[in-house]
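Read off the chains here:
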Amino acid sequence: MIWIDGVLVSEGKGGVYGEKMLRNCRIWDPYRSKLAAYYHKGCGHELQKDDVVLYLGAANGTTVSHVADYTECVYAVEFAPRPMQDLLAVAAKRKNIVPIMADASRPEWYAPLLEPVDLLYMDVADPDQIGIASRNSVFLKQSGIALLMLKTRSIDVRSDPGDVLAESIARLEESDFVIQETMWLLPYHQDHAAILCAKK
Amino acid sequence: MQSYWFGDLDGEGCHPFVGSPADQAARLESIDTDMAAYIPVAWEDAVRCGYAKNREDYLQKLRNLCFFIAEAKIADHFTSRDIELVQMVRMLDELDDVINLLTERAVEWYRTKNPSFSRKYRSLTGRRVIQVMKKERDRAFAEIIADIEKLQESRTRLMRDVTALADTVIPNCSALIGGLVAARLVSRAGSLEELSRLPGSSIQVLGAQSALFSHMRTGSPSPKHGIIFQHRRVHNADRDVRGRVARVLAAKLGIAARIDYFRQEIDQDFLRASQEAVDRAGEGT
């Protein structure tokens, strides 16, 4: 990852969403992007230049654009039409983004489009985030890594976020994953946890 | 055999699929991938197939297809008329908020110019108070009042349009509770499709989310009605039967939404029976 005086940046053409520039690099705001927050917390798995990424819950393409700056290719899956319009606009300018309009919980639909990926990144607001992750693990290379941004409030607003995290970890270990690291994204994002796991 | 977006692969080799983006999209829709036997695409296969020249070319062709599909899906989504209805009714509610806010602020300002002015003992509703304030000679103030008036006109026109569109897009729901309230229900649910998938009990409390969650969290009384309270047969009903009217009406709305979504036509028999059921619920014990 590229840091300039403690500021996380990515190299690429700016002006995607009005992000500030620093020495010709695009500042990647941890308060806006969970992935940036994850790196600011000082840990884990770094994006590699030759990585192929499957990005579930691409939304408006804000974080996607930064991921695309760092990696070889990003398969960006988004379901809702409104954010998809923005994602298409981002992907039109960045040739290594493949925008897929599909439901992440039904990978069989977009399976014929996908190649094996090094990183499965997930940021979806769905009660069944863990189920979606395990259904998409089929795209991961054996050496691949999954990074889940767990929205505990989307899973269950009424339970304690800590309990939701514990339960999600247990369910992940039951499926195809081995947990490597978990952390809360405070102070950047409330009730969001990052879970880094490898394929079993 | 593995079927991919660019063609089929089997023991004998590769069978590339040639066709327009529309054909490709249709074929992709028809592929039924068995996830148990699935192997992700190796882009080199597409090159071997003669489908793409290299990695860059492969990605560009894949992107072209994905753009085509996404653009078609988005266009399809935005042409369904209930989506426009949702935007119109949200704009209407937003206009109400803005007009009220501006009027209130204007009244405060007007009071400083006319210290003896008071709304007490004169039924000065939003519209009438604007007429009073119009007489003020301050240039900037008068302009703002004129703008508020113009907004009110836009609001009136928009409301007529919303009701008219609701009558054609959601005829059964509109017949039951009126076009405007029906449109608000669709807006709160997100779309007609989503409304048609809701059970009556959810429709009953659409728009009363905070009361519903406080009920679930702390056990306070459950809300009897949300948006459907705006319908006269609910808010005019006696307190002791109001919950029942809301429940019966919501249940019938659930059915009406399904007729609107799947059949797109008015069902007189259903409407007659439903209206009777709602009226009966309001008659008291």
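In the block above lies the structure referred to throughout.
Throughout what follows, the structure given in this document is the object of discussion. Please read all numbers here as calculations on a predicted model, not as lab measurements.

**Focus: the packing of aromatic side chains**
All names here are of chain B.
(1) Moving on: The full count for this structure, using the stated rule, is 17 aromatic pairs over all chains.
(2) Moving on: Note on W5 and Y51: the rings are 5.5 Å apart at their centroids and 90° apart in plane angle, and the pair reads as edge-to-face. One end of the pair, W5, is in the loop between β1 (2-4) and β2 (7-10); the other, Y51, is in the loop between α2 (43-48) and α3 (55-79), and 46 residues separate them in sequence. Each member of the pair, W5 together with Y51, is buried.
(3) Moving on: For the ring pair Y110 and F141, a centre distance of 6.0 Å and an interplane angle of 25° mean the geometry is stacked. Here Y110, found in helix α4 (residues 81-113), pairs with F141, found in helix α6 (residues 139-169); they are 31 residues apart in sequence, far enough to count as distant.
(4) Moving on: Accessibility expressed as a relative area gives 9% for Y110, which makes it buried.
(5) Moving on: Of the residues examined, F141 reaches a relative accessible area of 0% and is grouped as buried.
(6) Moving on: One aromatic cluster in this structure is built from Y4, W5, F6, Y51 and Y58.

**Brief notes about the sheet that holds strand β11 (residues 192-199) of chain A**
Within a sheet, neighbouring strands are paired by backbone hydrogen bonds and run either parallel or antiparallel to one another.
Residues and elements named next belong to chain A.
(1) Moving on: Across the sheet, which stays open at both edges, the 7 strands sit in the order β7-β6-β5-β8-β9-β11-β10 with mixed pairing between neighbours. Whereas interior strands pair on both sides, the edge strands pair on one side only; in this sheet they are β7 (97-101) and β10 (177-184). Within the sheet, the average angular offset between the axes of one strand and its neighbour, ignoring direction, is 15°.
(2) Moving on: The pairing of strand β5 (residues 52-56) with strand β8 (residues 117-122) spans 4 bridges and is classified as parallel.

**Quick look at unusual backbone geometry**
All names here are of chain A.
(1) Moving on: L186 connects to P187 through a cis peptide bond whose omega is 0°.
(2) Moving on: Turning to its location among the elements, P187 is positioned in the loop between β10 and β11.
(3) Moving on: If you check the backbone angles, D5 has positive phi at about 50° while not being a glycine.
(4) Moving on: You can see D5 is positioned in the loop between β1 (2-4) and β2 (7-10).
(5) Moving on: Judged by its relative accessible area of 68%, D5 is exposed.
(6) Moving on: A positive phi is found at N24, a non-glycine position, where the angle reads about 70°.
(7) Moving on: Residue position: N24 is located in the loop between β3 (21-22) and β4 (25-27).
(8) Moving on: A residue is classified by how much of its surface remains accessible, and N24, at 68% relative accessible area, is exposed.

**Here's the deal with helix α5 (residues 129-136) of chain A**
(1) Moving on: Burial runs high along α5(A): 6 of the 8 residues are buried.
(2) Moving on: Taken residue by residue, α5(A) has Q129(A), I130(A), G131(A), I132(A), A133(A) and N136(A) as its buried positions.

**Some thoughts on the side chain of S10(A)**
Residue and element names in this part refer to chain A.
(1) Moving on: Topologically, S10 is positioned in strand β2.
(2) Moving on: Judged by relative accessible area, which is 0%, S10 ranks as buried.
(3) Moving on: Looking at S10, its side chain comes within polar contact range of the side chain of H66, at 2.9 Å.
(4) Moving on: Only 2.7 Å separates the side chain of S10 from the side chain of D69, close enough to count as a polar contact.
(5) Moving on: Residues in contact with S10, not counting those within four places in the same chain, are C25, R26, H66, D69 and Y70.

Conventions used here
- Residues numbered from 1 in each chain as written.
- Chains lettered and ligands numbered in written order.
- Predicted model: local features only at pLDDT ≥ 70, side-chain atom pairs only at ≥ 80, totals over all residues.
- Heavy atoms only, no water.
- Phe/Tyr/Trp six-rings, centres within 6.5 Å; stacked < 30°, edge-to-face > 60°.
- Helix = DSSP H or I, 4+ residues; strand = E, 2+ residues; numbered from the N terminus.
- Buried < 20%, exposed > 50% of the residue type's maximum accessible area, 1.4 Å probe, protein only.
- Pairing = 2+ DSSP bridges.
- Axes fitted to C-alpha atoms, helices over the stretch in contact; angles between N-to-C directions.
- Polar contact = N/O pair within 3.5 Å; in protein donor to acceptor, adjacent residues only side chain to side chain.
- Contact = heavy atoms within 4.5 Å.

Note that all results are geometric; they support no functional claim without further evidence.
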